[in-house]
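# Geometric and topological summary
In case you want the letters, here they are:
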Amino acid sequence: MQRDISKIVLSITILFLTRIPTVSQVRLDTAVLRKVVASEIDDSTKMVAHLSLGKYYVDNNNDSSIAHTQQAYLLALKLKSKKYEAQTLDVLGAALLRRGNVDEALGYLLKGLKLFESQQEKTFLIVSNRNIAAVYKSQNDTAKARQYYINALRIKPRGSLDSLLRSWALMDLGDLYLKMNKPDSALYYAQQSFNIGIKMPGLYIKKYLPLALNTIGRIHQQTKKYNEALVKYKQALQTAFANSNLQAAADNYMSIAFLYKETNNLDSAFYYARQAFTISQQVNNPYAIEVSSTFLKNYFKEKNRLDSAFVYQEIMGAAKDSLLSLEKIRQVQNISFNEQLEQQRIIAAQADLRNKIKIYLLIAGLIILLLFAIVLLRSNRRKQKDKIKIEKTLAELKAAQSQLIQSEKMASLGELTAGIAHEIQNPLNFVNNFSDVNTELINELKNEINTGNNQEAVLIANDIEENEQKINHHGKRAD
């Protein structure tokens, strides 16, 4: 099993590298892929394996293609992969179109187209536009079909794969012009498709080349160029067998049968219709079985071989019953798929709700933290302002204190100076007074001497002496 897993991982890696929009043209180990989708491998690998099987079976087994692609789509939604969601939508649309579910197919294809456009997936855009055109072509809306084919052809090929996809769009456009009864335009585009496809390397790459050849053949048949038409049908047969496209082989066998019937070559028509019938049974395609068995029934009825006609009538009826049974199975599968899809949507909605709740809680937490931060910031700012005010007040107080101290110092100094001045002024006043008295006594002393009154003069002299002593005393006080 481990070897099988390794092998499929390698196959898937190749698909990733080559970016193949449809793998129906390459040979895959489908048994290994089926083991992978049944295993407990991771969803991503399982998704790619389902998608690979869906692409592989799109032209070989329509129901298998839808079943696998639906599972791939559910896994793409679960993994939220827009890239693979777009691819699964495109394959689902293509498979549903082949089954006749036109409205549902168009819905998936248009949704896939928008995703491809948003991702700029130019290679897949070629395929998507071509598939949408096929839906409108099936409903005979030739104007819209032509527009989408033109959209596909406007995308410039960037490699061999894009060129191959372009050749398919050219092939389909040629078939569209044939339906529009414009054989010249039909031949022009079908021939371009053939010219590109025939140059592509590899057998399985040419798997759809028989369709272009078939279109060219039908163009010749419509213009009554039966020989040229027969050559193209047989060339298409050879290419179909060489590229293992049995359904294309059956279709071309029927084209040859209808050509021989149109030219009234009934035995050859019977032979080729019989070949188409055999291959249709081999590939188990109820639609092809119904067409070929109806042709054979009418052939034997015209030959009046009613037993053989009845046999093919029974086969034709069984084919129709098979188609009805398949339709019932498909309806059941659709119900199951829609239920799974709804379950996926519910799970996705629940997940989105949980994510929204987480986001709301996170936002609420952030708001609380923001409010808390704002409160802290405001508090811090208030503290800063208060600190500045306190510091300013403290500075003012210090300045006032300094001024007060200085004033007190000056007052003290003034008081001290006044006291000192007072203490000096008092003895100086005595000195000045006694000095003035002595001046007067000296004048009196001179008068008394001049008059000859010596006794009085002696008394005045004594007073002067006494005053000098007082002057000396008070001078020392001032000192």
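Above this text you will find the structure in question.
## Considering the nonpolar core
- Counting residues in hydrophobic clusters, the biggest one holds 57 residues, and the most contacted among them are I132, Y149 and L173.
- Among the elements of the structure, helix 4 (62-79), helix 5 (82-99), helix 6 (102-119), helix 7 (122-138), helix 8 (142-154), helix 9 (160-179), helix 10 (183-199) and helix 11 (209-222) are those that each provide at least two residues to this core.
- The element that contributes the greatest number of residues to this core is helix 9, accounting for 11 residues.
- When residues no more than four places from it in sequence are discounted, the contact partners of L173 are R146, Y149, I150, L153 and Y189.

## Here's the deal with a negative patch on the surface
- There is a patch of like negative charges on the surface, built from D436, E440, E444, E456 and D463.
- At the level of secondary structure, the elements contributing two or more residues to the negative patch comprise helix 16 (306-451) and helix 17 (454-478).
- Sorting elements by how many residues they give to the negative patch places helix 16 first, with three residues.
- Given a relative accessible area of 36%, D463 falls into the partly exposed group.

## What to know about unusual backbone geometry
- One non-glycine residue, K80, lies in the positive phi region at around 55°.
- Among the structural elements, K80 can be located in the loop between helix 4 and helix 5.
- Phi angles above zero are rare outside glycine, and N181 is one such case at about 60°.
- Within the fold, N181 resides in the loop between helix 9 and helix 10.

## Quick word on the side chain of H50
- On the secondary structure map, H50 appears in helix 3 (residues 43-57).
- The buried category is assigned to H50, whose relative accessible area is 9%.
- Here H68 takes part through its side chain, which lies 3.1 Å from a polar atom of the side chain of H50.
- Beyond its immediate sequence surroundings of up to four residues, H50 is in contact with V37, H68, T69, Q71, A72 and L75.

## Considerations on a nonpolar patch on the surface
- Taken together, the side chains of I359, Y360, I363, I367, L370, L371 and I374 define a hydrophobic patch exposed on the protein surface, amounting to about 680 Å² of accessible area.
- Checked against the element boundaries, L371 lands in helix 16.

## Re the pattern of salt bridges
- Within this structure, the stated rule accounts for eight salt bridges.
- For K82, the salt bridge goes to E85, with nearest N and O atoms at 3.6 Å. Here E85 and K82 lie together in helix 5, a separation of three residues that amounts to about one turn.
- Residues D162 and R158 are paired through a salt bridge, measuring 3.6 Å at the closest nitrogen-oxygen approach.
- Assessed through its relative accessible area of 3%, D162 is described here as buried.

About the thresholds
Residues numbered from 1 in each chain as written. Predicted model: local features only at pLDDT ≥ 70, side-chain atom pairs only at ≥ 80, totals over all residues. Heavy atoms only, no water. Core = buried A, V, L, I, M, F, W, Y, C linked by side-chain atoms within 4.5 Å. Buried < 20%, exposed > 50% of the residue type's maximum accessible area, 1.4 Å probe, protein only. Helix = DSSP H or I, 4+ residues; strand = E, 2+ residues; numbered from the N terminus. Contact = heavy atoms within 4.5 Å. Patch = residues over 30% accessible without salt bridge, like charges linked within 9 Å, V, L, I, M, F, W, Y side chains within 5 Å. Areas by Shrake-Rupley, 256 points an atom, 1.4 Å probe, with all protein chains shown as cover. Salt bridge = Lys/Arg side-chain N within 4 Å of Asp/Glu carboxyl O. Lys, Arg positive; Asp, Glu negative; His and termini not counted. Charge placed at Lys NZ, Arg CZ, Asp CG, Glu CD. Polar contact = N/O pair within 3.5 Å; in protein donor to acceptor, adjacent residues only side chain to side chain.

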